[in-house]
Amino acid sequence: MRTPETVAWTAEGIRILDQTLLPERVEYRVCRTLEEAEEAILSLRVRGAPAIGVMGAYALALALRREAPPDRVAFLEAAANLRGRIARVRPTAVNLDWALHRCGEAVSRSPETDIEKLHAVLLREAQAIENEDKELCRGIGEAGEPLVPEGGRILTHCNAGALATAGIGTALAPLYLAWERGKRFRVFADETRPLLQGARLTAWELRESGIPVTLLCDGAAPFLIATGGVDLVITGADRIARNGDFANKIGTYGVAAAAERHGVPFYVAAPSSTFDLAAPDGDSIPIEERPGEEVTGFRTVRTAPEGVEVWNPAFDRTPADLVSGFITEKGILLPPYGRSIEEALGGG
């Protein structure tokens, strides 16, 4: 299926699809400096845990190309410092830190002393992360496609489609493959306040793919579930703890609770890189808080009175006992999650 290219390395820098302009404009831009790459991650020009991981790996390569350390020792020291800096831009999505750590390990293991060759090792690792993400998305799609019922009504929250990855998405991957194979169904997309990723991105992406989509307010989702309007819920995740608790876009917990109350299967689709085996449970997952201006208005339109206090967590935590299963490239992981996650991913 044709899906948009979110992140790519070019000779000029990192080419990204600016998701802050969707759906009005489809516009690509090139990040030529680390500062521009960091701004793109922070401002959500690039967003979605897997895509952020790819972007972070390329940002490290971009920064070290520009910094040009004089020798191997300086290169490795600069890489370690830059990894910490980039990882702090968005702390909840574990894929960012995972990708940066993987790139750091690749250059540390390399015996190269020539700086250009060391940089080539780093860039190859970043490109491998991008290519592997495409394969992981396909694997998630294959694992989850049998769950999609013919004629079904599937609810999703935020955007976990192609725009959030380097491939065909996580939560939307089973839907894309099911549609490609002839199944027909309808998707309900929560608008996803305050930045409207469901309205601006998921609805746009599905419409472009020809899949019927109905947009609804976040607050309407539990009522839709309660009145029998949903057969299946699939969301993505930004970090999954060792026990199966997970963090995803704010509003996910309410959808999961409503689904459990009314007997609707609730699945989470994510690659193995989104599992954080060092996090024992949801309480250990850091939650990013974003500027209040995202809530008091949208773009140039103010919707709240001046001076009002705002609480704006970007994510919430959903407990493992509300999850029917985790759809991964390794298959569907079922309860008890402490056991199934360790068996599938290891844990040491």
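Refer to the structure above for everything that follows.
Residues numbered from 1 in each chain as written. Predicted model: local features only at pLDDT ≥ 70, side-chain atom pairs only at ≥ 80, totals over all residues. Heavy atoms only, no water.

**Side note on the pairing of strand E6 (residues 213-216)**
Line of reasoning, step 1. Of the pairings in the sheet, the one linking strand E5 (residues 186-190) to E6 comprises 4 bridges and is parallel in character. Across the sheet, the residue bridging to Phe188 is Thr214, located in E6.
Line of reasoning, step 2. Between the parallel elements E5 and E6, the chain passes through helix H7 (residues 197-209) in a crossover that is right-handed. (Pairing = 2+ DSSP bridges. Helix = DSSP H or I, 4+ residues; strand = E, 2+ residues; numbered from the N terminus. Right-handed = clockwise from strand over helix to strand, strands pointing away.)

**Regarding the pattern of salt bridges**
Line of reasoning, step 1. If you walk through the whole model with that rule in mind, you get 26 salt bridges.
Line of reasoning, step 2. Across the pair Asp18 and Arg29 runs a salt bridge whose closest N-O atoms are separated by 3.3 Å. You can see Asp18 sitting in the loop between strand E2 (14-17) and strand E3 (28-31) and its partner Arg29 sitting in strand E3, a full 11 residues away along the chain.
Line of reasoning, step 3. The class for Arg29 is partly exposed, based on a relative accessible area of 34%.
Line of reasoning, step 4. The salt bridge involving Glu342 is made with Arg242; its shortest N-O contact spans 3.5 Å. Placement of Glu342 in helix H11 (residues 337-345) and of Arg242 in the loop between strand E8 (239-241) and strand E9 (246-249) is noted, with a sequence separation of 100 residues between them.
Line of reasoning, step 5. Judged by relative accessible area, which is 23%, Arg242 ranks as partly exposed.
Line of reasoning, step 6. It is possible to trace a salt-bridge network through shared partners that takes in Arg138, Glu142, Glu145, Glu180, Arg181 and Lys183. (Salt bridge = Lys/Arg side-chain N within 4 Å of Asp/Glu carboxyl O. Buried < 20%, exposed > 50% of the residue type's maximum accessible area, 1.4 Å probe, protein only.)

**Describing the sheet that holds E5**
Line of reasoning, step 1. Strands sit in the order E6-E5-E4-E7-E10-E15-E16 across an open sheet of 7 strands; the sheet is mixed. Across the chains shown, the open sheet's two edge strands, defined by having one partner strand only, are E6 and strand E16 (331-333). The sheet shows a mean angle of 25° between the axes of neighbouring strands, direction not considered.
Line of reasoning, step 2. Pairing geometry for strand E7 (residues 232-235) and strand E10 (residues 266-269), over 3 bridges, is parallel. (Axes fitted to C-alpha atoms, helices over the stretch in contact; angles between N-to-C directions.)

**Overview of the nonpolar core**
Line of reasoning, step 1. Ranked by internal contacts, the top residues of the largest apolar core, which has 45 residues, are Ile14, Met55, Tyr58, Leu60, Leu64 and Leu122.
Line of reasoning, step 2. Among the secondary structure elements, those contributing two or more residues to this core are strand E1 (7-9), E2, helix H1 (34-42), helix H2 (49-67), helix H3 (72-87), helix H4 (94-109) and helix H5 (115-144).
Line of reasoning, step 3. The greatest single-element share of this core, amounting to 13 residues, is contributed by H2. (Core = buried A, V, L, I, M, F, W, Y, C linked by side-chain atoms within 4.5 Å.)

**Focus: unusual backbone geometry**
Line of reasoning, step 1. For the peptide bond that leads from Leu22 to Pro23, omega is 5°, which places it in the cis range.
Line of reasoning, step 2. Within the element layout of this structure, Pro23 appears in the loop between E2 and E3.
Line of reasoning, step 3. Cis rather than trans, the peptide bond between Pro335 and Pro336 has omega equal to -5°.
Line of reasoning, step 4. With respect to the helices and strands, Pro336 occurs in the loop between E16 and H11.
Line of reasoning, step 5. The phi angle at Ala68 is positive, at roughly 50°, despite the residue not being glycine.
Line of reasoning, step 6. The residue Ala68 is located in the loop between H2 and H3 in this model.
Line of reasoning, step 7. Although it is not a glycine, Cys158 sits at a positive phi angle of roughly 65°.

**Notes on the environment of Gly84**
Line of reasoning, step 1. For Gly84, the location among the structural elements is in helix H3.
Line of reasoning, step 2. Looking at Gly84, the relative accessible area reads 26%, which means it is partly exposed.
Line of reasoning, step 3. Along the primary structure Gly84 and His101 are separated by 17 residues, whereas in three dimensions their C-alpha atoms are 9.4 Å apart.

**So, H7**
Within an α-helix, residues lying three or four positions from one another point in the same direction, as the helix has 3.6 residues per turn.
Line of reasoning, step 1. With 13 residues, H7 should cover 18 Å at 1.5 Å per step; its first-to-last C-alpha distance of 17 Å lies within 8% of that length.
Line of reasoning, step 2. With 10 of its 13 residues buried, H7 lies for the most part within the structure.
Line of reasoning, step 3. Every buried residue belonging to H7 is among Gln197, Gly198, Arg200, Leu201, Thr202, Ala203, Trp204, Glu205, Leu206 and Ser209, and all of these are buried.
Line of reasoning, step 4. Looking at the buried residues of H7, the elements they touch are strand E4 (153-156), helix H6 (173-180), E5, E6, E9 and strand E12 (297-298). (Expected span 1.5 Å × (residues − 1). Contact = heavy atoms within 4.5 Å.)

**Remarks on the pairing of E9**
Line of reasoning, step 1. Note that E8 and E9 share 2 bridges and pair antiparallel. Looking at the pairing, Ile240 lines up with Phe246 of E9.
Line of reasoning, step 2. Two successive antiparallel strands, E8 and E9, enclose a turn made up of 4 residues, where Gly244 displays a positive phi of approximately 100°.
Line of reasoning, step 3. Taken together, the 4 bridges between E9 and strand E14 (residues 315-318) define a ladder with antiparallel strand orientation. Following the sheet pairing, Ala247 is matched in E14 by Arg317.

By themselves these figures say nothing about function.
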